[in-house]
There are 2 protein chains.
Amino acid sequence: MSRPNAFYAQSGGVTAVINATACGLLERARQHKDRIGKVLAGRNGIVGALREELIDTSRESASAIAGLRSTPGGAFGSCRYKLESFEANERVYRRLIDVFEAHGIGYFFYNGGGDSQDTAHKVSQLGKRLGYPVTCIGIPKTVDNDLPFTDTCPGFGSVAKYVAVSVREAALDVESMCDTSTKVFVMEVMGRHAGWIAAAAGLAKDRPEAAPHVILFPEIAFEKDRFLRKVRATVRKVGYCVIVVSEGACYADGAFLADAGTRDAFGHTQLGGVAPTVAVMIKEALGYKYHWAVADYLQRAARHIASATDVEQAYALGAAAVDLALAGRNAVMPVIVRKRDKPYRWTIGEVPLEKVANVEKSMPRNFITRDGFGITERARTYLQPLIEGEDYPTYKGGLPQYTRLKNELVPKKLKGFRV
Amino acid sequence: MSRPNAFYAQSGGVTAVINATACGLLERARQHKDRIGKVLAGRNGIVGALREELIDTSRESASAIAGLRSTPGGAFGSCRYKLESFEANERVYRRLIDVFEAHGIGYFFYNGGGDSQDTAHKVSQLGKRLGYPVTCIGIPKTVDNDLPFTDTCPGFGSVAKYVAVSVREAALDVESMCDTSTKVFVMEVMGRHAGWIAAAAGLAKDRPEAAPHVILFPEIAFEKDRFLRKVRATVRKVGYCVIVVSEGACYADGAFLADAGTRDAFGHTQLGGVAPTVAVMIKEALGYKYHWAVADYLQRAARHIASATDVEQAYALGAAAVDLALAGRNAVMPVIVRKRDKPYRWTIGEVPLEKVANVEKSMPRNFITRDGFGITERARTYLQPLIEGEDYPTYKGGLPQYTRLKNELVPKKLKGFRV
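The structure displayed is predicted, hence computed values, not measured ones.

A. Examining the overall build of chain A more closely. The helix and strand tally for chain A stands at 14 helices and 13 strands. Here the C-alpha atoms of chain A give a radius of gyration of 23 Å, agreeing with the 22 Å that 2.2 N^0.38 yields for 419 residues. Taken along the three principal axes of its C-alpha coordinates, chain A extends 70 × 45 × 40 Å. Relative to its full complement of 419 residues, chain A shows a buried share of 61%. Contacts in chain A between residues at least 24 apart in sequence constitute 75% of all its contacts with a sequence separation of at least 6.

The following block contains the structure:
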């Protein structure tokens, strides 16, 4: 393989900017046609490799590829699929090799979060373990912001901006209504294990009495009485209370708020619904009229309000993945290295995948105020640059024009494989 | 009163552009200082007049007033307060006259929806009924889009744009995930009595298989089996199903979906929560993994994605209200008159308040497809111009800079009054 093809796949929950990473990778690869053949994208992530459903990205025009930079979601489809270990399931690794061999694949780019970097790490061992060497680069992505070593994860900055903007706007609404109507507004945000996204909502607070007045983090055990006292004191002082609650907020025993108590109609199989739980709790204890919102996918798909910093980093990491592969690096992940807080300066670094796989970066306790309901200056210093700048998509007829690829599959050469 | 003062108040649920109307009104009034003294704004709507809590807008700088054009919420506070009839409560009308007289108020501008226009109409009768003539102009505002005679109501176009953009974005997310994960996404939107906002979400559909695949309107009686069949057929054909449900969606007997069945934990005192109800219904019947979102206040506060058309109309109606008052008109409301669909051309007209008060404009049945799950071309022709154009606020540090007024009250001259 003097000019091997490359495989690229998107994995796990998608974001507003994972396609910007694809854009950076594909545009950089096209600059190196002498060394990289086609980039074949997995249809629905690595599942596409196993099923031999490989999208021929060479069929896409330059303008379609460029359009990915401002298109949310995963243009090739993503998956929730965790590769087992060699020992547990050598069969899937042998299948990967069969597919890679059949399609001349010498580069493997995997774009995802912690689980995905674990997958990428396993694939990087194919040479050593099964005699089929492939240059393997992981590319970070996750709105959860929980990958280690990188300053931030593409996708997070845009969610952070969305929640901060949304809470600032909704707070103006509640403030207008609170004299004779709604006094409490509860907004639920993503973040099952860590409060990064909830913390970002705190950026909306630009003066002591501004919203959000209370943030409920997964990191801080929920104490109902203390919480209700805080809400009451806020309504008495400010006139209203805006609360941001992480979907992962939980009691000291680890039980999720959304699962606890009697009002658990929606929490059985998926998180979500902690906002109404909290709102009803307040209504019953304090009698305040409430409204609540659950942004769910809207927050991580909101390309219309993406952070320009996030878009730029997502793109740069995609391009850097190609550079690393061409430099002969294997089993590494490009990362964002912060050089300076203000003005924010960053560069691209790299870390070995074995150090990244299955490690979760938690939010430092000193990002949360002593009372557990807000964020500190340290958190602001970290978070603020990540939401900096706007990067609007093109609109037509009042709506953003997002790119749809042709997504043509290359002909299959192998027998079927059951995933 | 050769140079009477004016009273302006915001009423009912606020919007992303009600302050743009205030901006238009205040800027136009300042151009006529020879004929209009100060504009005094009611703190928290007409309640501010009754309490003699009058904000002196002359204390605000020109740039602060200009900033209102791009600030969501109600800058002076709003209220939910319905004026009773003369017969039922003459006391409040006499109080209004006392306050108007004490503060030299000869113009009354009331910015709100149907109930508010009823209030404005009653106030316009003060001269005839109680011998204190006041020039009274109602100004339309409501995200519900249910005021008669006007082509649309300021606030609606921006909500319409928000829901159409959001559903398009979230659909790309679901499409990416549907192979191995989420197959159904349910988004709840406002609209208790009419499906205008739900219909606007239909604008996101730009090809036959695009989302939203199902819209549940308050106008169409919900039939569970037919709905579930449609969802299943959509998932089988497209791979996923995106559903937009109006908070007012109901069964044939008028029972709200959010209130019906056993999972009614949240519907007792306020609507909201129909999205999880629908999602769980699908999960139980069809087994699909789901996500759901309830945008609630986020949708009507989302100035960051406001429709430029909406902003322009909101501003123009505020300015027109002053023009009408100065032209000696009383008991009228300026309205948007559509001159042409494509390109959209509109002008300002006027209607008598007595014709507007307490009349609700319902959505024509021919805006909804025969099967009840989508919108027709006729609906598109009406809706599309209303979301046209972007009008971004100014950002600083990654967040929109919204204006805060000083809101200084003029000294009280009267005794207290219990509202």
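B. Summary view of helix α1 (residues 18-30) of chain B. Residue and element names in this part refer to chain B. Helix length check: α1, at 13 residues, gives a terminal C-alpha distance of 18 Å against a target of 18 Å (1.5 Å per residue), a fit within 8%. Most of α1 sits out of view: eleven of its 13 residues are buried. Those residues of α1 lying buried are I18, N19, A20, T21, A22, C23, G24, L25, L26, R28 and A29. Check the buried side of α1 and you find it contacts β1 (5-10), β2 (39-42), α3 (62-67), β4 (105-112), β5 (135-140) and α12 (308-326).

C. Geometry of the pairing of strand β8 (residues 241-246) of chain A. Residue and element names in this part refer to chain A. In terms of burial, β8 is largely enclosed, as six of its six residues are buried. Every second residue of β8 is oriented toward a common face, with C241, I243 and V245 on one face and V242, V244 and S246 on the other, all of them buried. Bridge count for strand β7 (residues 214-216) against β8 is three bridges, and the pairing is parallel. Residue pairing across strands places V214 opposite I243, the latter belonging to β8. Note that the unit made of β7, helix α9 (residues 224-238) and β8 has a crossover that is right-handed.

D. Region of the structure containing the packing of α9(A) against helix α10 (residues 274-286) of chain A. Residues and elements named next belong to chain A. α10 packs onto α9 with a crossing angle of 75 degrees between their chain directions and a minimal axis gap of 11 Å. Considered as vectors, α9 and α10 are oriented roughly perpendicular to each other. Every residue of α10 that contacts α9 at L228, V231 and R232 is listed here: I282, A285 and L286. Counted by class, the contact of α9 with α10 contains five nonpolar, no polar and one charged residues.

E. Local environment of helix α4 (residues 90-102) of chain A. Residues and elements named next belong to chain A. The end-to-end C-alpha separation of α4 is 18 Å, in line with the 18 Å expected for 13 residues at 1.5 Å each. Those residues of α4 lying buried are Y93, L96, V99 and F100. The arc enclosing the buried residues of α4, seen along the axis, measures out at 120 degrees, which places them on a common side. Of the surrounding elements, those touching the buried residues of α4 are β1 (5-10), α2 (46-50), β4 (105-112), α5 (114-124) and α6 (126-130). G104 sits one or two positions beyond α4 and adopts a positive phi of about 60 degrees.

F. View of the domain arrangement of chain A. Residues and elements named next belong to chain A. According to the domain assignment, chain A contains domain 1 (5-142 + 303-357 + 390-400) and domain 2 (156-300). The C-alpha centroid of domain 2 is placed 34 Å from the C-alpha centroid of domain 1. Every contact between the two is made by ten residues of domain 1 and, on the other side, eight residues of domain 2. Counted by class, the side of domain 1 that touches domain 2 contains four nonpolar, five polar and one charged residues.

G. Highlighting the interface of chain B and chain A. At the junction of the two partners, chain B supplies 63 residues and chain A supplies 63 residues. For the side of chain B that touches chain A, the secondary structure elements donating two or more residues are α7 (156-177), α10 (274-286), β9 (290-294), α11 (297-301) and β13 (399-400) of chain B. Among the elements that make up the side of chain B that touches chain A, the one with the highest residue count is α7(B) (13 residues). For the side of chain B that touches chain A, the residue count by class is 32 nonpolar, 18 polar and 13 charged.

H. Structural view of the confidence of the model for chain A. All names here are of chain A. This prediction gives chain A a mean pLDDT of 94; 96% of its residues lie at or above 70. Counting contacts from residues 260-271, a segment whose pLDDT is below 50, to residues more than four positions away or on other chains yields 22 contacts. The complex model carries a pTM of 0.97, and its ipTM stands at 0.96.

I. The pairing of β4(B), seen in detail. Residues and elements named next belong to chain B. With eight of eight residues buried, β4 is to be regarded as a mostly interior element. Sheet topology places β1 next to β4; six bridges connect them, and they run parallel. Bridging from a neighbouring strand, A6 pairs with Y107 of β4. Bridge analysis of β4 against β5 gives six bridges, and the strand direction is parallel. Across the sheet, residue F108 finds its bridge partner in β5, namely C136.

J. Just the relation of the copies chain B and chain A, in detail. Once turned by 180 degrees and shifted 0.0 Å along the axis, chain B lies on chain A with an RMSD of 0.0 Å. Put plainly, the chains are arranged around a two-fold axis. When C-alpha positions in chain B are compared against the rotation axis, the closest is assigned to V294(B), at 2.5 Å. Looking at the interface residues of chain B, 100% of them are also at the interface in chain A, so both copies use one shared face.

K. Region of interest: the environment of V335(B). Residue and element names in this part refer to chain B. Tracing the backbone through its elements, the reader meets V335 in strand β10 (residues 332-340). You can call V335 buried: it has 25 C-beta atoms within 10 Å. If we ignore the near neighbours within four places in the chain, the residues touching V335 are P140, F149, T150, G349, E350 and V351.

L. Spotlight on the packing of α1(B) against α12(B). All names here are of chain B. At their nearest, the axes of α1 and α12 sit 7 Å apart, and the two run at 40 degrees to each other. Between α1 and α12 the crossing geometry is right-handed. Touching I18, A20, T21, A22, C23, G24, L25, R28 and A29 of α1 are V311, A314, Y315, A316, L317, G318, A319, A321, V322 and D323, all from α12. Here the contact of α1 with α12 is built from residues that sort into 14 nonpolar, three polar and two charged.

M. Just unusual backbone geometry, in detail. All names here are of chain B. Following A211, the chain continues to P212 via a peptide bond in cis, the omega torsion being -5 degrees. Mapped onto the secondary structure, P212 falls in the loop between α8 (196-201) and β7 (214-216). Following K342, the chain continues to P343 via a peptide bond in cis, the omega torsion being 0 degrees. Here P343 is to be found in the loop between β10 and β11 (345-352). One non-glycine residue, N145, lies in positive phi territory at about 60 degrees. Mapped onto the elements, N145 comes out in the loop between β5 and α7. A count of 28 C-beta atoms within 10 Å places N145 in the buried class. Although it is not a glycine, D296 sits at a positive phi angle of roughly 45 degrees. Mapped onto the elements, D296 comes out in the loop between β9 and α11. Looking at D296, the number of C-beta atoms within 10 Å reads 26, which means it is buried.

N. Highlighting the environment of C241(A). Residue and element names in this part refer to chain A. Within the fold, C241 resides in strand β8. Put simply, C241 and V184 are 57 residues apart on the chain and 4.9 Å apart in space, counted from C-alpha to C-alpha. Not counting the four nearest positions on each side in its chain, C241 is found in contact with K183, V184, H213, V214, V231, T234 and V235.

Reading the values: the criteria
Sequence order as written defines the numbering, with residues in each chain counted from 1. To read the labels, note that chains go from A and ligands from 1, taken in the order they are written. Where local features are concerned, this predicted model is filtered to residues with pLDDT of at least 70; where side-chain atom pairs are given and counted, the filter is 80 or more; whole-chain, interface and lining totals use all residues. Under the DSSP-based scheme used, a helix requires at least four consecutive residues in state H or I and a strand at least two consecutive residues in state E, with every element numbered from the N terminus. What the globule rule says is 2.2 Å times the number of residues to the power 0.38, and the radius of gyration is computed from C-alpha atoms. Buried, partly exposed and exposed are defined by the number of other C-beta atoms within 10 Å of a residue's own C-beta, namely 20 or more, between the two limits, and 12 or fewer respectively, with C-beta atoms placed from the backbone. In this description, a residue-residue contact is defined by the distance between C-beta atoms placed from the backbone, which must lie within 7 Å. Each residue after the first adds 1.5 Å to the expected span of a helix. A pair of strands is labelled paired if DSSP reports no fewer than 2 bridges between them. Convention used here: a crossover is right-handed provided that the path from the first strand, over the helix, to the second strand proceeds clockwise when the strands point away from the viewer. Note on geometry: axes are C-alpha line fits, over the in-contact stretch for helices, and angles between N-to-C directions span 0 to 180 degrees. Should an angle fall under 35 degrees it is taken as roughly parallel, and over 145 as roughly antiparallel, whereas 65 to 115 is taken as roughly perpendicular and any remaining angle as oblique. Charged residues are taken to be Asp, Glu, Lys and Arg, nonpolar residues to be Ala, Val, Leu, Ile, Met, Phe, Trp, Tyr, Cys and Pro, and polar residues to be all remaining types, Gly included. For this quantity, the arc is that covered by the directions from the helix axis to the C-beta atoms. As annotated, the domain borders come from an automatic or database domain assignment. Across the chain, each position has a pLDDT score giving the predictor's confidence in that residue, from 0 to 100. Copies are brought into register by a least-squares superposition over C-alpha atoms of residues with pLDDT of at least 70 in both. Helix crossings are classified by the rotation of the near helix relative to the far one: an anticlockwise turn of less than a right angle makes the crossing left-handed, while a clockwise turn makes it right-handed.

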